[in-house]
Amino acid sequence: PICNTDLAAARSAVAKLQDELATVMSANGWDVTFSIGVGAFASVPASEDEVVSFTDRLMYDAKAAGKNAVRFAAHERRPALYVAHTQNAGKPTYH
């Protein structure tokens, strides 16, 4: 989780992550794209499942929008941010 941050800082962190992933993939000759879902929670979520469910939906919305897409959404009003990302053919992982 990325906690106690605002949306601008979250967008910046995700952009940096995308750049770093693209650099590594390109350097290795791997043609891989990433879809990322970022959820903002006003308070500590009730469970990890709540985080996974919410960010997973965002990630799949991003995948539906096209390659290398990101979706941000607030679950309530203010963030503790959780990121779900996946490689094209991989299972999602959560941070």
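Everything below is about the structure shown above.
What you are looking at is a predicted structure, and each value in this text was computed from that prediction instead of being measured. (Residues numbered from 1 in each chain as written. Predicted model: local features only at pLDDT ≥ 70, side-chain atom pairs only at ≥ 80, totals over all residues. Heavy atoms only, no water.)

A. Looking closely at helix 2 (residues 48-65). Spanning 18 residues, helix 2 covers 26 Å between terminal C-alpha atoms, matching the ideal 26 Å at 1.5 Å per step. Looking only at helix 2, the buried set comprises V51, F54, T55, L58, M59 and A62. Axial view of helix 2: buried residues confined to an arc of 135 degrees, hence all on one face. In helix 2, the exposed positions angled more than 90 degrees off the buried face are occupied by D49 and A64. (Helix = DSSP H or I, 4+ residues; strand = E, 2+ residues; numbered from the N terminus. Expected span 1.5 Å × (residues − 1). Buried < 20%, exposed > 50% of the residue type's maximum accessible area, 1.4 Å probe, protein only. Arc of directions from axis to C-beta.)

B. Fine view of the packing of aromatic side chains. Scanning all chains against the criterion turns up one aromatic pair. Considering the side-chain rings of F41 and F54, the 5.6 Å spacing of their centres and the 75 degrees angle between planes classify their relative orientation as edge-to-face. Taken as a pair, F41 in the loop between strand 2 (34-40) and helix 2 and F54 in helix 2 lie far apart in primary sequence, 13 residues in all. With relative accessibility at 11%, the residue F54 sits in the buried group. Over the aromatic face of F72 sits the side chain of R11, whose NZ or CZ is 4.3 Å from the ring centroid. (Phe/Tyr/Trp six-rings, centres within 6.5 Å; stacked < 30°, edge-to-face > 60°. Lys NZ or Arg CZ within 6 Å of the ring centre and 35° of its normal.)

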